[in-house]
Amino acid sequence: MAAGPADDAGEVDLRHHGDAEVGDGLADFAVNVRTGTPPAWLADRLRASVADLACYPDPRPARRAVARRHGRAAEEVLLTAGAAEAFVLLARVLKPRKAVVVHPQFTEPEAALRSAGHAVERAVLAKDFTLDPAVVPDDADLVVIGNPTNPTSVLHPAAAITALSRPGRTVVVDEAFMDCVPGEPETLASRLPAGIVVIRSLTKTWGLAGLRAGYLLADPYLVSRLAAAQPLWAVSTPALVAIEACCAPDAVAEATAWALDLAAERDRLAGELTARGLYVVPEARASFLCLCVPDALGIRALLRQRGYAVRRGDTFPGLGTDWLRIAVRDRPSNDALLEVLGELGI
């Protein structure tokens, strides 16, 4: 593992995301949003919410629903227009002396920090991308980490993340993919140790990327500071309806059932790719796999010619041109991708 300054972000495109890979009729293995979503019951509620658009949004029911879902006080909850807004608010409100982002991970937190004028240091994990708290410099007063991490699909033990906490330090944990893990055993949302901020998103599991629905959990003082920096009515009425609905017990149970099915198919796909001699990051726990493929960019281009979009890995600090991220789909879709890879000699 290595930690070092990265004051110039020019070597990677931090603003490149999976949605830039899709289109033109390509089969989408680049975006980590669950297919077939939103489910019909949720889509019905969203359509019904349009009847209330003449009224200003009332966040209180959704805020209480999030608090119940995680066993928190409502004062510890900030509703946001997706996880991305939470990263921007933190970058605007916090004034870190040394901000450290643990990579490889979702690049938007670093991009938000840089846009707010903060220098960012990167702590880059080694090949299997498991967390050793010692990789983070002792004098870091802001640390950002994903769990499970995008793009590696690694789930870090909660104890390893809480070991990063110390007086005077804020640790931001991006749990956007935590509901991919049945039972969420390593979540910090229900524990919320001192100095920990948890960010969650409804985008991936419920297919709401276009709606922008998420939330942040933190101590009430920080939540109040972030709320003061947030525009009025930042979260729309349909997004509030979605947040409330997806935090209900029946919805949580539905997500858990999906996560169990996902785990079985993800492990099968990982096994198939490993059997072909590819390095797949071990112990994947999210809805995607990260793999090392010689000349990955060339393979990506050939797959596009065959009608398949996958996510390039070289825009994630800590990866490079031999890395791809592949979303896990249903078995027939995954088998079709495997067939095309076989035709390409992979």
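Above this text sits the structure in question.
This structure is a prediction, so every number in the text was calculated from the model and none was measured.

**Observations concerning the overall build of the protein chain**
Now for step 1: A count of helical and extended segments in the protein chain gives 11 helices and 13 strands.
Now for step 2: Against the globule reference of 20 Å for 346 residues, the protein chain gives a C-alpha radius of gyration of 20 Å, in line with a compact fold.
Now for step 3: Out of the 346 residues in the protein chain, the part that is buried amounts to 56%.
Now for step 4: Taking contacts inside the protein chain between residues at least 6 apart in sequence as the whole, the part at least 24 apart equals 75%.
Now for step 5: Summed over its atoms, the accessible surface of the protein chain is roughly 14000 Å², and 54% of this surface lies on carbon and sulfur atoms.
Now for step 6: In the protein chain, 36 positive and 43 negative side-chain charges are present, and the distance between their average locations comes to 3 Å.

**Here's the deal with empty space enclosed by the protein**
Now for step 1: The tally for this structure, following the rule as stated, stands at 4 cavities of 30 Å³ or more.
Now for step 2: Its volume calculated, the largest cavity comes out at about 70 Å³.
Now for step 3: In terms of lining, the largest cavity is formed by Phe87, Leu90, Ala91, Leu94, Pro109, Leu113, Leu142, Val144 and Val172.
Now for step 4: When contributions to the lining of the largest cavity are tallied by element, the ones reaching two or more residues are helix H3 (82-93), helix H4 (108-115) and strand E6 (142-146).
Now for step 5: Of the residues forming the lining of the largest cavity, the biggest block, 3 residues, is contributed by H3.
Now for step 6: Split into classes, the residues belonging to the lining of the largest cavity amount to 9 nonpolar, no polar and no charged.

**Comments concerning the pattern of salt bridges**
Now for step 1: Taken as a whole, this structure holds 24 salt bridges when the rule is applied.
Now for step 2: For Glu265, the salt bridge goes to Arg268, with nearest N and O atoms at 2.8 Å. Here Glu265 and its partner Arg268 are both found in helix H9 (residues 249-275), 3 residues apart, which amounts to about one turn of the helix.
Now for step 3: Accessibility expressed as a relative area gives 17% for Arg268, which makes it buried.
Now for step 4: Salt bridges linked by common partners bring Glu265, Arg268, Glu272, Arg331 and Asp335 together as one network.

**Quick notes on the packing of H3 against H4**
Now for step 1: The N-to-C vectors of H3 and H4 enclose an angle of 35°; their axes lie 8 Å apart at closest approach. Taken as a pair, H3 and H4 cross one another with a handedness that is right-handed. Seen from H3, the contacting residues are Phe87, Val88 and Ala91; seen from H4, they are Pro109, Ala112 and Leu113.

**Points about the layout of surface pockets**
By rolling a water-sized probe across the atoms, one finds the places where empty space is left.
Now for step 1: In this structure, the largest pocket encloses a volume near 480 Å³.
Now for step 2: Where the lining of the largest pocket is concerned, the elements lending two or more residues are H3 and helix H6 (203-206).
Now for step 3: The element contributing the most residues to the lining of the largest pocket is H3, with 3 residues.
Now for step 4: Broken down by class, the residue content of the lining of the largest pocket amounts to 9 nonpolar, 9 polar and 7 charged.
Now for step 5: Counting residues domain by domain, the lining of the largest pocket receives three or more from each of domain 1 (18-36 + 252-344) and domain 2 (40-248).
Now for step 6: Reported here for the second largest pocket is a volume of approximately 300 Å³.
Now for step 7: What lines the second largest pocket is a set of 16 residues, among which Pro59, Leu78, Leu79, Gln230 and Trp233 lie closest to the centre.
Now for step 8: The element that contributes the greatest number of residues to the lining of the second largest pocket is strand E3 (residues 77-80), accounting for 3 residues.

**Examining the sheet that holds strand E12 (residues 308-312)**
Now for step 1: Spatially, E2-E12-E13-E11-E10 is the arrangement adopted by the 5 strands of the open sheet, whose pairing is mixed. The sheet terminates laterally at strand E2 (27-29) and strand E10 (279-280), the two strands that pair on one side only.
Now for step 2: Both E12 and strand E13 (residues 323-327) contribute to a ladder of 2 bridges, which runs antiparallel. For Arg311, the partnering residue across the bridge sits in E13 and is Arg325.
Now for step 3: Strands E12 and E13 of the sheet are contacted by helix H10 (residues 296-305), whose axis makes an angle of about 160° with E12.

**Regarding the packing of aromatic side chains**
Now for step 1: Tallying each qualifying case throughout the model produces 7 aromatic pairs.
Now for step 2: With 4.4 Å between their ring centres and 35° between their planes, Tyr56 and Trp233 make a pair best called tilted. Of this pair, Tyr56 sits in the loop between helix H1 (40-49) and helix H2 (60-70) while Trp233 sits in the loop between helix H7 (220-229) and helix H8 (237-246), placing them 177 residues apart in sequence.
Now for step 3: Judged by relative accessible area, Trp233 falls into the partly exposed class, the value being 48%.
Now for step 4: Ring plane angle 90° and centroid distance 6.0 Å describe the contact between Tyr279 and Trp323, whose orientation is recorded as edge-to-face. You can see Tyr279 sitting in strand E10 and its partner Trp323 sitting in strand E13, a full 44 residues away along the chain. As far as the burial class goes, Tyr279 and Trp323 line up, both buried.
Now for step 5: Site record: aromatic cluster; members linked through ring pairs are Phe129, Tyr279 and Trp323.
Now for step 6: The ring centre of Phe288 lies 5.7 Å from the NZ or CZ of Arg325, which sits over that ring.

**With respect to the environment of Pro182**
Now for step 1: By secondary structure assignment, the location of Pro182 is in the loop between strand E7 (170-174) and strand E8 (196-201).
Now for step 2: The class for Pro182 is partly exposed, based on a relative accessible area of 27%.
Now for step 3: For the pair Pro182 and Val172, spaced 10 residues apart in the sequence, the C-alpha separation amounts to 22 Å.

Each value, and the rule that gives it
- Residues numbered from 1 in each chain as written.
- Predicted model: local features only at pLDDT ≥ 70, side-chain atom pairs only at ≥ 80, totals over all residues.
- Heavy atoms only, no water.
- Helix = DSSP H or I, 4+ residues; strand = E, 2+ residues; numbered from the N terminus.
- Rg over C-alpha atoms; globule rule 2.2 N^0.38 Å.
- Buried < 20%, exposed > 50% of the residue type's maximum accessible area, 1.4 Å probe, protein only.
- Contact = heavy atoms within 4.5 Å.
- Areas by Shrake-Rupley, 256 points an atom, 1.4 Å probe, with all protein chains shown as cover.
- Lys, Arg positive; Asp, Glu negative; His and termini not counted.
- Charge placed at Lys NZ, Arg CZ, Asp CG, Glu CD.
- 1 Å grid on protein atoms, 1.4 Å probe; cavity = no way out; pocket = protein on both sides within 12 Å on 5 of 7 lines; lining within 4 Å.
- Points joined across faces, edges and corners; volume = space filled by probe spheres on them.
- Nonpolar A, V, L, I, M, F, W, Y, C, P; charged D, E, K, R; others polar.
- Salt bridge = Lys/Arg side-chain N within 4 Å of Asp/Glu carboxyl O.
- Axes fitted to C-alpha atoms, helices over the stretch in contact; angles between N-to-C directions.
- Left-handed = near helix turned anticlockwise from the far one by under 90°.
- Domains from an automatic or database assignment.
- Pairing = 2+ DSSP bridges.
- Phe/Tyr/Trp six-rings, centres within 6.5 Å; stacked < 30°, edge-to-face > 60°.
- Lys NZ or Arg CZ within 6 Å of the ring centre and 35° of its normal.

These results come straight from atomic positions and should not be treated as a statement about function.
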